[in-house]
Amino acid sequence: MSEKILYSYTALFDTPNQIIKAAKKVKEEGYTKYDVNTPYPIHGMDAAMELKPSLLPYVALVVGLTAAISMIIFLWWQNTIDYPLNIGGKPFFALPAYIPVTFEVTVLSASIATVVAMLFFVFKFPNNVHPLHDTDYMKRVSVDKYGISIQAEDPLFEAEKVKSLFNSLGASSITPIYYSDELVNFKPKILEPKFISFLIILFIVVSGATYITLNKLLFLPPYSWMMVQDKVIAQKTSDFFGGGSGMLTPVKGTVARGFLPYKFDKKPELAAKELVNPLMPVKKNIELGKTKFNIYCSPCHGYHAEGKSRLRGQFPIPPSLHSDKVRNWSDGRIYHVITEGQNVMPSYAHQLSRQERWAIVLYIRALQRSLNAKESDLQ
Amino acid sequence: MTTIDYSQELPVVEGRPTLQEINELIAKPLDTKPDKKYYIALAITLTMLLIGVIGLGLTFYYGVGMWGNNNPVGWGFPIVNFVFWVGIGHAGTLISAILFLFRQKWRNGIARFAEGMTIFAVMTAGLFPLIHVGRPWLAGYLIPYPNQHSLWVDFNSPLVWDVFAVSTYFTVSFIFWYVGLIPDLATLRDRATSKIKKTIYSIFSLGWRHSNRHWQHYEMVYLVLAGFATPLVLSVHTIVSFDFAVSILPGWHSTIFPPYFVAGAVFSGFAMVQNVLIFIRKIFNYEHIITLDTLEKMNKIIILTGSMVGYAYAMEFFTAWYSGVQPEQFTFINRAFGPYAWAYWIMVSCNVLFPQLFWIKKIRRSIPIMFVIAVLVNVGMWFERFVITVTSLSRDFLPSSWAYFKPTLVDGAILLGSFGFFFTWILLFTKSLPVVSIAEIKSVVPGAQPSHEEH
């Protein structure tokens, strides 16, 4: 390096009174780009340097108020709109209960914002470098001396004048500070391949570790998620009851309430003869039949039982229920078909209760009557 | 008879040390290699920690059935320990924030250490709610976030307030502590000789150069943080007390709880700070920085808060009688004369009776006696939380469901482990960061501030 670039002239003083006097004098002389460095804050120095009051409290005010208001709005939205929770009939919007959380969030956001604002606007974070660092001057002011530094950038700066000013104030030592070579030749290192590969590796490691922790590690013992419990599961094998099954099987021949076996297995003629519809053709039963018919029967038979399938040929179309054959069947015969199925039609015994099946029979009768009404019906 | 001149403030730092000496003294523990005693102390705390870890391992593997908790007493040691440690954490912020706002200069010598203690105590406390739920890996559900279950936490629940209060308290205390450290880290950076230390200090001192243009904003930020931390510290134990007070259990359902808990927290916190500082000032030769006057002032706060706690005990009995509510009256008679009378009287004697000895100036200024009293205060305060939590639960409204709570070895191991955890952090802290604020002490040394002779 050929010529060093001057940053500032610095002077050290021994007592706080001297530095206050020096700061006042420098200010009076009209210098603007100067700074005082002291090991601890000196009372009255801000006044001596005529510094404007810090604006950082306003950051705290604005961020704190914003956080408080948004938290109240959020809690209102959460408790009344998104996830209303009825607790003993109390109002959903419970302002007193929101105060603790709102207060904590306000304090947290305002404190963090104030400090972050100081780091970025005052300390110029992440810039950590300054010509004063690593100088003897800095090493003295961080211990027990009080220093003042006038920068070469100042429009009034003249090396000789500054030196004589410091001398007249009784400085114990006066030194020039130069930009160090590193600072002059400083290049940002953010785009270096080394740094970028570091970022990529960091990304992979962090996301991989998070994935493994959340998806693998947390499902190893002893982390139980209530999926594995020390209890007998009905469908699993177990020797507890001696039957090899987790559950007790009912005694042979047990019949559940309302589930008497169907007596007319593969005996349609007998069913036709012996079964009688237990339901009366009243509105309630026919409505039930209509609902169930529309759910279970209409996809193939059509809404009016005319055999007009909604399946558009993807399944064999059943014959119309308005044929003479079906019209002349007894209720029991139709019930038998629903119960057992016929040709490609499966059994509906598991989907429809007995009552529902009989209700469907009633509805089919109503449909048949509608296409084959008697004279008396028209009156 | 000697007279005291009250028109003059007592010097905070005795013996007029030079600024250079203060620098060297405070930085000394960081420069020297730890000695044998340090390793012995560390071995003890780590052993305690290990015992706690074993207790936790058993708990997490076999479940919370390893504890003494039984059917009516669903809140056992973990909640007692949680409230105890959060309470310990209250002294730090009180010293650093409230006394700062009151311009109590004697706080400068002890603030950094007390803040560090706050952070470690809150860290210890923060473990216990997680331990208490038995499946700490599910703790993420405590945090409200928009999730695929479309569920929210119940913001009306004191347990959720607790999550907010304790995490905010930890974060703000940590920030406060770190902001206080910045100038000291810069001072350490400028005197560091090894390259590694210098790099570390350079990074964490954030380019600080003791500039007055920075000091100006820095002091303002410190003031703002102190202003926020003051209501925060009062809110935290208030919210912790809501965990109890918002329920309807006799002995818990009481409006006296928030101030009573805060006073108790400051009480136990000061006792703990005083205890540890007695060692610190002796071991690191800080007797002229953390002076006997400072310790005496702390003892005065201990007697004040101790009396407040005693008043609360008396007032609880009065309220129970005056309310005319039978279960409430029974609860308090049961506390004093029931199966947990032993715990109750340990609490009363340690918290109310022994601290009253501090009215005597000789005792207030005698280090061995004040140490013993402060230890007793912490024993008493732990039992206070035990009495509140366990006696109310063990005998609630329905006599047929009463049961006596007996802690198990695992409970004891976890309690011991929490002390190990806390003191391990304290020990590491004393050897890695300045336990006394260098800049703040320098600013209160006699002659450190300008005399404004021109006026």
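Up top is the structure.
The structure presented is a predicted model; accordingly, all values stated were derived computationally and were not measured.

Draft legend 1. Quick peek at the overall build of chain A. The helix and strand inventory of chain A stands at 14 helices and four strands. The C-alpha atoms of chain A give 46 Å as radius of gyration, which overshoots the globular expectation for 379 residues (21 Å, by more than 25%). Along the first, second and third principal axes, the C-alpha set of chain A runs to 130 × 60 × 45 Å. Of all intrachain contacts in chain A linking residues separated by at least 6 positions in sequence, the fraction that spans at least 24 positions is 66%. Side chains of chain A give 41 positive and 32 negative charges; the mean places of these two sets differ by 15 Å.

Draft legend 2. Quick look at the environment of Gly269(B). Residues and elements named next belong to chain B. As for its placement among the helices and strands, Gly-269 is situated in helix 9 (residues 257-283). When the C-alpha positions of Gly-269 and Phe-164 are compared, they lie 21 Å apart, and in sequence the two are 105 residues distant. The contacts of Gly-269, once residues within four sequence positions are left out, are Gly-87, Ile-88, Ala-91 and Met-117.

Draft legend 3. How the structure looks around helix 5 (residues 111-132) of chain B. Here helix 5 of chain B is 22 residues long and its end C-alpha atoms lie 32 Å apart, about the 32 Å a rise of 1.5 Å per residue gives. Looking one or two residues beyond helix 5 of chain B, the residue adopting positive phi is Gly134(B), at roughly 85°.

Draft legend 4. Seen up close, unusual backbone geometry. A positive phi is found at Ala305(A), a non-glycine position, where the angle reads about 60°. Within the fold, Ala305(A) resides in the loop between helix 10 (283-301) and helix 11 (324-328). Ala305(A) gets classed as buried once you look at its relative accessible area, which sits at 1%. Backbone geometry places Ser150(B), a non-glycine residue, at a positive phi of 55°. When its relative accessible area of 52% is taken as the criterion, Ser150(B) is described as exposed.

Draft legend 5. Just a nonpolar patch on the surface, in detail. A cluster of nonpolar residues, Leu55(A), Tyr58(A), Leu61(A), Val62(A), Leu65(A), Ile69(A), Ile73(A), Trp76(A), Trp77(A), Ile81(A), Phe93(A) and Leu95(A), forms a patch on the protein surface that exposes about 1200 Å² of accessible area. Looking at where Ile69(A) falls in the secondary structure, it is placed in helix 3 (residues 56-82).

Draft legend 6. Main features of the packing of aromatic side chains. Applying the stated criterion across every chain yields a total of 69 aromatic pairs over all chains. With a centroid separation of 5.9 Å and an interplanar angle of 75°, the aromatic rings of Tyr340(B) and Phe386(B) are classed as edge-to-face. Taken together, the positions of Tyr340(B) in the loop between helix 11 (326-337) and helix 12 (341-353) and Phe386(B) in helix 14 (residues 367-394) put the pair 46 residues apart, joining distant regions of the chain. Tyr340(B) gets classed as buried once you look at its relative accessible area, which sits at 1%. Residue class for Phe386(B) comes out buried when judged on its relative accessible area of 3%. Members of the aromatic cluster, joined through ring pairs, are Phe77(B), Tyr340(B), Trp342(B), Trp382(B), Phe383(B), Phe386(B), Tyr404(B) and Phe405(B). In this structure, Arg333(A) packs its charged tip against the face of Trp329(A), placed 4.2 Å from the ring centre. Between Arg213(B) and the ring centre of Tyr34(A), over which it is positioned, the NZ or CZ distance is 5.2 Å.

Draft legend 7. Looking closely at the interface of chain A and chain B. Across the boundary between the two partners, chain A contributes 73 residues, which contact 64 residues of chain B. Between chain A and chain B the total buried area reaches about 6200 Å² when both faces are included, carbon and sulfur atoms providing 65% of it. Three residues stand out in chain A for area buried against chain B, namely Tyr40(A), Glu104(A) and Phe123(A), and they jointly supply 10% of the buried area on that side. Connecting chain A to chain B are two salt bridges. Lys198(B) is paired through a salt bridge with Asp134(A); the nearest N and O atoms lie 2.6 Å apart.

Cut-offs applied
Residues numbered from 1 in each chain as written. Chains lettered and ligands numbered in written order. Predicted model: local features only at pLDDT ≥ 70, side-chain atom pairs only at ≥ 80, totals over all residues. Heavy atoms only, no water. Helix = DSSP H or I, 4+ residues; strand = E, 2+ residues; numbered from the N terminus. Rg over C-alpha atoms; globule rule 2.2 N^0.38 Å. Contact = heavy atoms within 4.5 Å. Lys, Arg positive; Asp, Glu negative; His and termini not counted. Charge placed at Lys NZ, Arg CZ, Asp CG, Glu CD. Expected span 1.5 Å × (residues − 1). Buried < 20%, exposed > 50% of the residue type's maximum accessible area, 1.4 Å probe, protein only. Patch = residues over 30% accessible without salt bridge, like charges linked within 9 Å, V, L, I, M, F, W, Y side chains within 5 Å. Areas by Shrake-Rupley, 256 points an atom, 1.4 Å probe, with all protein chains shown as cover. Salt bridge = Lys/Arg side-chain N within 4 Å of Asp/Glu carboxyl O. Phe/Tyr/Trp six-rings, centres within 6.5 Å; stacked < 30°, edge-to-face > 60°. Lys NZ or Arg CZ within 6 Å of the ring centre and 35° of its normal. Buried area = accessible area lost by both parts, 1.4 Å probe.

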